[in-house]
Amino acid sequence: MTEGIVLRDDRADTSPIVSDEVKYTTCYMCACRCGIKVHLKDNKIRYIEGNPDHPVNKGVLCAKGSAGIMQQNSPAKLQKPLLRVGERGEGKFKEIEWEEALDLAAGWLKDVRADDPSKLAFFTGRDQSQSFTGWWAKQYGTRNFAAHGGFCSVNMAAAGLYSIGGSFWEFGEPDWDLTKYFLMFGVAEDHDSNPIKIGLGKLKTREDAKFVSVNPVRSGYSAIADEWVGITPGTDGLFVMAIIHELLRAEKIDWEYLKRYTNASWLVIQAEGEADNGLFARDATGTALIATPSGKLLPNSDRKADPALVGTYTLPSGQTAVPAFQLMAARYLDEKYSPDAVAEKTGIKAATIRRIAAEIAEVAFEQEIELDIPWTDWAGRRQEKMIGRPVSMHAMRGISAHSNGFHTCRAIHLLQMILGSIDVPGGFRHKPPYPKPCPPGPTPAGKETQANTPLDGMPLGFPKGPADLLVDDAGNPKRIDKAYSWEYPLSAHGLMHSVIHNAWAGDPQEIDVLFMYMANMGWNSSMNVPDTIRYLTDKKPDGSYKIPKIIYSDAYSSETVAYADLVLPDTTYLERWDCISLLDRPISSAHGAADAIRQPVVTLDRDVRPFQDVLLELGVMLELPGIAAEDGSALYPGGYAEYMVRHERTPDTGPLGGWRGEDGTGQGRGAPNMKQLDAYIANGCFWEKKFTPEQSYYKFANKSYLEEAVHMGWLAMPGQVMMEIYSETLQKFRLAAQGFGDLQPPDHLRPRIDTFFDPMPIWYSALEEEGLPQEEFPLHAVTQRPMHMYHSWGGQNAWLRQITARNPLFIHAETAKAKGIADGDWLWVTSPHGRVKAQAKLMQGVNPHTVWTWNAIGKRKGAWNLKDDAPEATKGFLLNHIISQLLPAREDGYRYSNSDPVTGQAAWYDLRVKVEKCAADEYGETEPMLDPQDHFGLPEPTELLRYGADLKGEASDLEPVPMKDWIGNREENAGQKSGIKPGHGNQLADEAGKEKE
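On a predicted model such as this, the values are computed, not experimentally measured, just so you know. Note on numbering: residues in each chain are counted from 1, in written sequence order. Where totals are concerned, whole chains, interfaces and linings use all residues; where local detail is concerned, this predicted model gives features only for residues with pLDDT of at least 70, and gives and counts side-chain atom pairs only at 80 or more. Processing note: side-chain calculations cover all non-hydrogen atoms of the structure and skip hydrogens and water entirely.

Okay, the overall build of the protein next. Think of it this way: any DSSP run of H or I at least four residues long counts as a helix, any run of E at least two long counts as a strand, and we number them from the N terminus. Secondary structure summary: the protein contains 26 helices and 36 strands in total. Radius of gyration means the value over C-alpha atoms here, while the globule rule gives 2.2 Å times the residue count to the 0.38 power. In terms of overall size, the protein behaves like a compact globule, its C-alpha atoms giving a radius of gyration of 28 Å where 997 residues would be expected to give roughly 30 Å. With the principal axes as the frame, the protein shows a C-alpha extent of 80 × 80 × 75 Å. Scored against the burial criterion, the 997 residues of the protein give a buried share of 63%. Here, residues are in contact when the closest pair of their heavy atoms is within 4.5 Å. For the protein, long-range pairs separated by at least 24 residues make up 70% of all intrachain contacts whose partners lie at least 6 apart in sequence. Whether a residue is buried, partly exposed or exposed follows from its accessible area with a 1.4 Å probe, protein chains only, as a fraction of its type maximum: under 20%, in between, or over 50%, in that order.

Spelled out as structure tokens, the structure:
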């Protein structure tokens with residue numbers, strides 16, 4: 001490869017003036033939250049590019065981000081508040097003014113709050129402002145609040161936060177610069193796409209790194225992996241446990257890491273049938289005990305102790321105890337976890353499992369990294385170097401969306417702990433404000449609610465034992481989604497997918513108002529579309545709806561809008577202020593803390609309002625404490641923008657960490673600064689505070705980092721964050737199920753808790769498969785999102801629709817051949833719960849026992865203001881038509897949610913199906929086909945959406961710029977004997993040096 005091989009025709013002006021203004025903001029075409037520069041001309045968006053200074057994307061922008069222009073120009077944008085005049089689902093409304101809309105909403109909400117605030121179910125989707133909406137719910141007084149995490153990623157969050165103090169996805173990342181062996185589990189290419197693409201680009205240009213993707217489907221990231229492991233869905237836990245088995249057999253273990261940074265050495269009481277069986281042995285102060293090889297018992301806080309990891313020890317009580325490591329090793333050394341034992345179930349050859357385990361061990365222990373960075377641990381022990389195990393891992397929904405996902409994710413974290421590869425050079429790294437104690441605080445609030453009274457804490461939290469559950473004296477759930485109940489005790493993100501069913505059933509309570517935001521629960525965000533539609537439209541004998549009132553807010557005419565009684569239209573992400581906060585889902589990296597804002601970059605052209613502003617307006621009308629003053633006036637008259645600046649969650653900490661204090665010099669802490677937003681805008685709409693080299697690794701035990709975390713408000717005390725290979729929290733729930741303690745589950749739930757609340761990771765088949773005739777439904781069925789789409793939003797976008805406007809059912813070519821299926825055939829895809837029609841697309845890169853499709857491409861006719869014959873409506877389909885929201889009935893007829901029994905995570909990927917060719921006369925269009933919904937108040941759908949004809953750039957009259965090739969990952973490529981000079985992109989390092997001179 002050489003520099004500058006592309007010729008340029010000087011007659012072409014390649015740098016026309018395309019804009020009269022450029023504004024910075026934060027993208028929201030997916031959850032990455034990349035920095036963008038929006039070029040404007042006459043208050044219209046001309047061009048969107050990445051912000052090269054932004055810590056998330058460093059200038060990289062994907063198809064979604066670039067297509068934000070067409071999201072802004074979507075004909076599906078709602079225009080005014082709407083009041084339903086037809087039946088739910090028809091989409092018939094009348095336009096009303098905001099005064100009437102707010103009066104209606106406030107009236108409904110005021111009546112509920114004066115009676116029982118918990119009769120409001122307030123659930124939000126992918127709004128990324130959960131710290132604000134959760135606080136609003138708290139001030140209102142309802143426990144019935146959650147966001148979309150319960151059907152997305154709560155297994156990842158809970159498993160990590162109860163094991164290592166952080167988690168995959170937004171709370172951590174691989175050490176892309178130093179890792180040498182990267183294992184990716186179940187990550188579709190839309191998740192964290194730009195950071196992962198940048199990271200994988202680095203790995204692919206290094207000769208010393210290997211990328212292994214474990215996924216039933218070989219698309220996107222898996223397609224460029226050095227090795228693709230086409231695992232059978234839902235068996236990842238067995239695969240990981242087999243690797244642990246091999247590492248234990250070979251004693252390829254970081255013994256010192258386990259002793260110093262995990263609870264592997266803590267003594268576990270062995271007293272079957274007693275109330276403290278399986279709990280940690282503790283001294284009089286409550287400190288967990290360890291044992292020395294000589295048998296001496298010491299508190300684990302003893303800084304000079306060298307604890308034993310095996311052995312049986314007698315406690316002062318006369319009971320015996322063994323180190324947690326010994327219990328763990330005994331479990332996974334069992335032959336049932338050997339590669340030979342799991343090969344058939346996982347679909348991975350035993351030899352492959354052994355080889356991967358050996359490769360991991362080789363890289364971790366024979367290629368360790370040493371950085372000459374002195375540091376001091378929490379106990380004051382100075383270390384001269386930072387030692388790294390350059391094996392990193394990342395996981396997402398392919399792990400999370402199974403009913404065994406919590407324990408599978410814990411198994412991955414256990415593997416990381418055994419290797420000593422968490423937050424070390426080359427390993428998996430925490431992003432601030434993590435790590436936090438296992439589990440973090442606070443616990444969920446809402447055991448009691450009172451009329452016109454806020455909750456005593458936030459409605460979402462992390463239970464530490466049975467006493468933290470939200471249940472009544474009989475052990476029955478108090479929340480409408482049954483979160484924090486004996487059915488789903490650790491449901492840290494709630495169960496949004498259960499709300500509509502439970503509200504319809506009045507189980508465990510009846511609600512009066514269902515208030516939802518940005519959650520397409522009437523379509524692709526529900527587990528079963530036909531059932532959900534029935535719940536939303538079903539009536540009582542007197543003709544009233546079983547769910548009395550539905551308020552919905554969205555920016556676009558989605559399928560769910562049609563089922564609302566009152567629609568409060570939202571703005572687009574380019575028309576409002578937003579806060580990407582350290583209190584919620586920040587944009588931090590392992591290199592430092594960061595947060596960001598969105599600012600309005602275009603002027604509103606219709607009668608809509610930002611949802612956050614609407615919540616504050618409603619809060620004033622409802623006289624909610626913290627939103628309305630005692631005299632009834634607004635505490636934040638400037639709306640959400642003022643809230644972002646002036647709100648303090650604790651003294652001197654608020655939604656934004658940058659430029660705090662009256663003089664704007666504070667970072668993380670400080671009094672509100674009324675010029676804070678101006679400072680963010682001047683800096684490209686983000687703030688970043690990088691760590692020193694000393695603070696960058698071993699954050700869980702790094703004295704300098706822990707003190708910084710206390711200063712920034714992330715931790716209460718600068719003590720070590722102890723990782724847990726053994727969870728005493730889970731054992732407390734299990735003991736309650738076994739009949740110990742003041743709070744115990746109802747009898748019918750005891751076996752469930754006893755089975756699934758194992759203090760160490762376990763594996764079990766998908767709950768939906770119990771009693772299922774698998775020979776009748778032999779295929780697993782899963783979905784992924786394409787890199788250029790994000791849920792149903794992308795399906796309205798004129799540019800992105802040109803890439804994907806229909807979705808086939810992908811099936812392995814050999815599997816199809818055995819069934820007589822050819823490419824393009826129409827198929828019936830049947831589950832125990834229904835059937836859907838789709839076209840076949842044959843491929844090799846998929847597990848032979850698995851079929852899959854793109855998620856959320858299929859649309860209902862009339863939704864999103866698409867034409868009725870749009871391919872999304874006629875040839876796109878949803879597997880959501882045949883997924884069951886409920887598990888098969890117990891003997892007494894009761895049906896649990898189709899969810900992980902620990903966290904309540906929706907088990908989207910446990911679906912089993914069979915496929916059959918359609919009859920010839922059934923070809924041509926998908927089924928089921930629902931009646932079209934009205935698109936009242938929107939312009940008539942058009943065949944062709946035109947944009948930009950009047951925005952052509954003017955001649956710049958600039959001299960031609962010498963053309964050079966853009967070189968991605970220039971630094972990495974420069975070291976590979978490629979002839980490429982070091983630098984960044986088109987900027988060479990020596991040129992940059994000359995410029996500085």
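Once the structure has been displayed, the description carries forward.
Between any two strands, pairing holds if DSSP finds at least two bridges. Taken together, three strands build an open sheet; the order of strands is β1-β2-β3 and the sheet is antiparallel. Strand pairing shows two members of the sheet lacking a second neighbour, β1 (21–26) and β3 (44–50), which therefore form its edges. Across the sheet, the mean angle separating the axes of adjacent strands is 30° when strand polarity is ignored. Lines fitted to C-alpha atoms define the axes here, with helix axes fitted over just the stretch in contact, and angles between the N-to-C directions of these axes take values from 0 to 180 degrees.

A score between 0 and 100, pLDDT records how confident the predictor is in each residue. Counting all residues, the mean pLDDT for the protein is 93, and 94% of those residues have values of 70 or more. Predicted confidence for residues 1–8 stays below pLDDT 50, and this span has 19 contacts to residues more than four positions away or in other chains. Counted against residues more than four places away or in other chains, residues 992–997, with its pLDDT under 50, gives two contacts.

Turning next to the domain arrangement of the protein. Domain start and stop positions are those given by an automatic or database domain assignment. When the domains of the protein are assigned, the result is domain 1 (163–433), domain 2 (727–759) and domain 3 (767–917). Each of domain 1 and domain 3 was reduced to a C-alpha centroid, and the two centroids are 33 Å apart. Domain 1 puts 26 residues into the contact, and the matching count from domain 3 is 28 residues. Both faces combined, the contact of domain 1 with domain 3 buries some 2,100 Å², and carbon together with sulfur accounts for 56% of it. Only one rule defines a salt bridge in this text: a Lys or Arg side-chain nitrogen within 4 Å of an Asp or Glu carboxyl oxygen. Counting the contacts that link domain 1 with domain 3 gives zero salt bridges. Three classes are used, and their members are as follows: Ala, Val, Leu, Ile, Met, Phe, Trp, Tyr, Cys and Pro are nonpolar, Asp, Glu, Lys and Arg are charged, and the others, Gly among them, are polar. Among the residues forming the side of domain 1 that touches domain 3, the class breakdown is nine nonpolar, 12 polar and five charged. Throughout, the accessible surface (probe 1.4 Å) given up by two parts as they are put together, summed over both, is called the buried area.

Examined against the element boundaries, M241 turns out to sit in helix α7 (residues 236–250). Residues M241 and G441, 200 residues apart in the sequence, show an inter-C-alpha distance of 30 Å. Excluding residues that lie within four positions of it along the chain, M241 makes contacts with Y332, Y337, A411, P761, I762 and W763.

On to the sheet that holds strand β25 (residues 566–569). The mixed open sheet is built from seven strands, whose spatial order is β5-β4-β25-β24-β23-β6-β7. For this open sheet the edge positions go to β5 (93–95) and β7 (145–146), each flanked by a neighbour on one side alone. Pairing between strand β6 (residues 120–124) and strand β23 (residues 513–517): five bridges, direction parallel. Residue pairing in the sheet places F122 in a bridge with F515 of β23. Where helix α14 (residues 496–505) meets the sheet, it contacts β6 and β23, and its direction lies at approximately 150° from that of β6.

Covered by surrounding structure in β25 are L566 and L568 together with V567 and P569, the residues of both alternating faces. With two bridges joining them, strand β4 (residues 82–84) and β25 adopt antiparallel strand pairing. Bridging across to β25, L83 finds its partner in L566. Bridge count for strand β24 (residues 549–554) against β25 is four bridges, and the pairing is parallel. In the strand pairing of β25, S553 is matched with L568.

Time to look at helix α20 (residues 728–737). An α-helical turn contains 3.6 residues, so a residue and the one three or four places further along point in the same direction. With nine of its 10 residues buried, α20 lies for the most part within the structure. Of all the residues in α20, the buried ones are E728, T729, L730, Q731, F733, R734, L735, A736 and A737. Looking at the buried residues of α20, the elements they touch are α13 (405–419) and α21 (750–756). Where α20 ends, the next residue or the one after it, G739, has phi of about 105°, a positive value.

Two elements in contact, helix α4 (residues 130–140) and helix α16 (residues 611–621), have axes separated by 11 Å at closest approach and are oriented at 15°. On the basis of the axis angle, α4 is roughly parallel to α16. Between α4 and α16 lies a crossing whose hand is left-handed. The segment α4 lies against α16, with F132, T133 and W136 engaging F611, Q612, L615, L616, L618 and G619. Here the contact of α4 with α16 is built from residues that sort into six nonpolar, three polar and no charged. Between 65 and 115 degrees an angle is taken as roughly perpendicular, under 35 as roughly parallel, over 145 as roughly antiparallel, and anywhere else as oblique. Definitions for this section: a left-handed crossing has its near helix turned counterclockwise from the far helix by less than a right angle. A right-handed crossing has that turn clockwise.

Omega for the peptide link from Y434 to P435 comes to 15°, which places this bond in the cis form. Note that P435 resides in the loop between β22 (428–430) and α14. Omega for the bond connecting E927 with P928 falls within 30 degrees of zero, at 0°, which places this linkage in the cis form. Among the secondary structure elements, P928 is positioned in the loop between β34 (912–917) and α25 (970–974). Despite not being glycine, M518 shows a phi value in the positive range, around 55°. Positive phi is not limited to glycine here, since N865 has a value of about 55°. Looking at the element boundaries, N865 is found in the loop between β33 (850–854) and α24 (871–874).

Here we take up the environment of S118. Structurally, S118 is set in the loop between α3 (98–115) and β6. Linking S118 and K44, residues 74 residues apart in sequence, is a C-alpha distance of 44 Å. Beyond its immediate chain neighbours, meaning those up to four positions away, S118 contacts G141, T142, R143, N144, T449, Q509 and I511.

Bringing the state of the cysteines into the picture now. Cysteine sulfur atoms that come within 2.5 Å of each other are treated as a disulfide pair. Counting across every chain of the model gives zero disulfides. Not part of a disulfide, C27 finds its nearest cysteine sulfur in C34, a span of 6.2 Å. The exposure class assigned to C27 is buried, which follows from its relative accessible area of 7%. C685 forms no disulfide, and the closest cysteine sulfur to it belongs to C579, at a distance of 12 Å.

Nonpolar cores are built from buried Ala, Val, Leu, Ile, Met, Phe, Trp, Tyr and Cys residues. Side-chain atoms within 4.5 Å join them into one set. Core analysis: the biggest nonpolar cluster contains 283 residues, and W136, F185, F239, F325, F515 and I725 have the highest contact counts within it. Excluding anything up to four places from it in sequence, W136 contacts L109, L120, F122, L615, L618, G619, L622, L624 and I627.

With that settled, consider the side chain of S222. Looking at the secondary structure, you find S222 in the loop between β10 (210–214) and β11 (227–229). Any pair of N or O atoms that falls within 3.5 Å is considered a polar contact. Within protein, one atom must be able to donate a hydrogen and the other to accept it, and sequence-neighbouring residues count only if both atoms are side-chain atoms. A distance of 3.5 Å separates a polar side-chain atom of S222 from the backbone oxygen of V217. With residues near it in sequence (within four places) discarded, S222 still touches S213, N215, V217 and W228.

Okay, the pairing of strand β31 (residues 826–831) next. Within β31, six of the six residues are buried, which leaves the element mostly enclosed by the surrounding structure. Side chains W826, W828 and T830 of β31 all project onto a buried face; the interleaved residues L827, V829 and S831 project onto the opposite face, where all are buried too. Relative to strand β32 (residues 834–843), β31 runs antiparallel, the two being bridged by six bridges. Pairing of W826 across the sheet is with Q839, part of β32. Hairpin connection between β31 and β32: a loop of two residues separates the two successive antiparallel strands. With four bridges joining them, β31 and β34 adopt antiparallel strand pairing. Residue pairing for β34: V829 is matched across the bridge by V915.

Its location among the elements puts R660 in the loop between α17 (640–646) and α18 (676–682). This buried residue, R660, is left without a salt bridge; E648 holds the nearest opposite charge, at 4.5 Å. In this structure the side chain of R660 is engaged in a polar contact, spanning 2.8 Å, whose partner is the backbone oxygen of L656. Only 2.8 Å separates the side chain of R660 from the backbone oxygen of G670, close enough to count as a polar contact. Residues scored as charged are limited to Lys and Arg (positive) and Asp and Glu (negative), so that His and the chain ends carry no count.

A separate point is the UniProt feature "domain: 4Fe-4S Mo/W bis-MGD-type" (unreviewed entry) in the protein. UniProt positions are given in the numbering used here, feature names are shortened, and annotations may be inferred rather than shown by experiment. UniProt feature "domain: 4Fe-4S Mo/W bis-MGD-type" (unreviewed entry): in the numbering of this structure it lies at residues 20–76. Split by type, residues 20–76 is 16% helix and 35% strand. Its first and last C-alpha atoms lie 27 Å apart.

Here the focus is the pattern of salt bridges. This structure, assessed with the given rule, holds 55 salt bridges. Measuring nitrogen to oxygen at the nearest pair gives 2.6 Å for the salt bridge that ties K689 to E708. On the criterion of sequence distance, the pair formed by K689 in strand β28 (residues 686–690) and E708 in helix α19 (residues 703–712) is long-range, its members being 19 residues apart. Under the relative-accessibility criterion, E708 is labelled buried at 12%.

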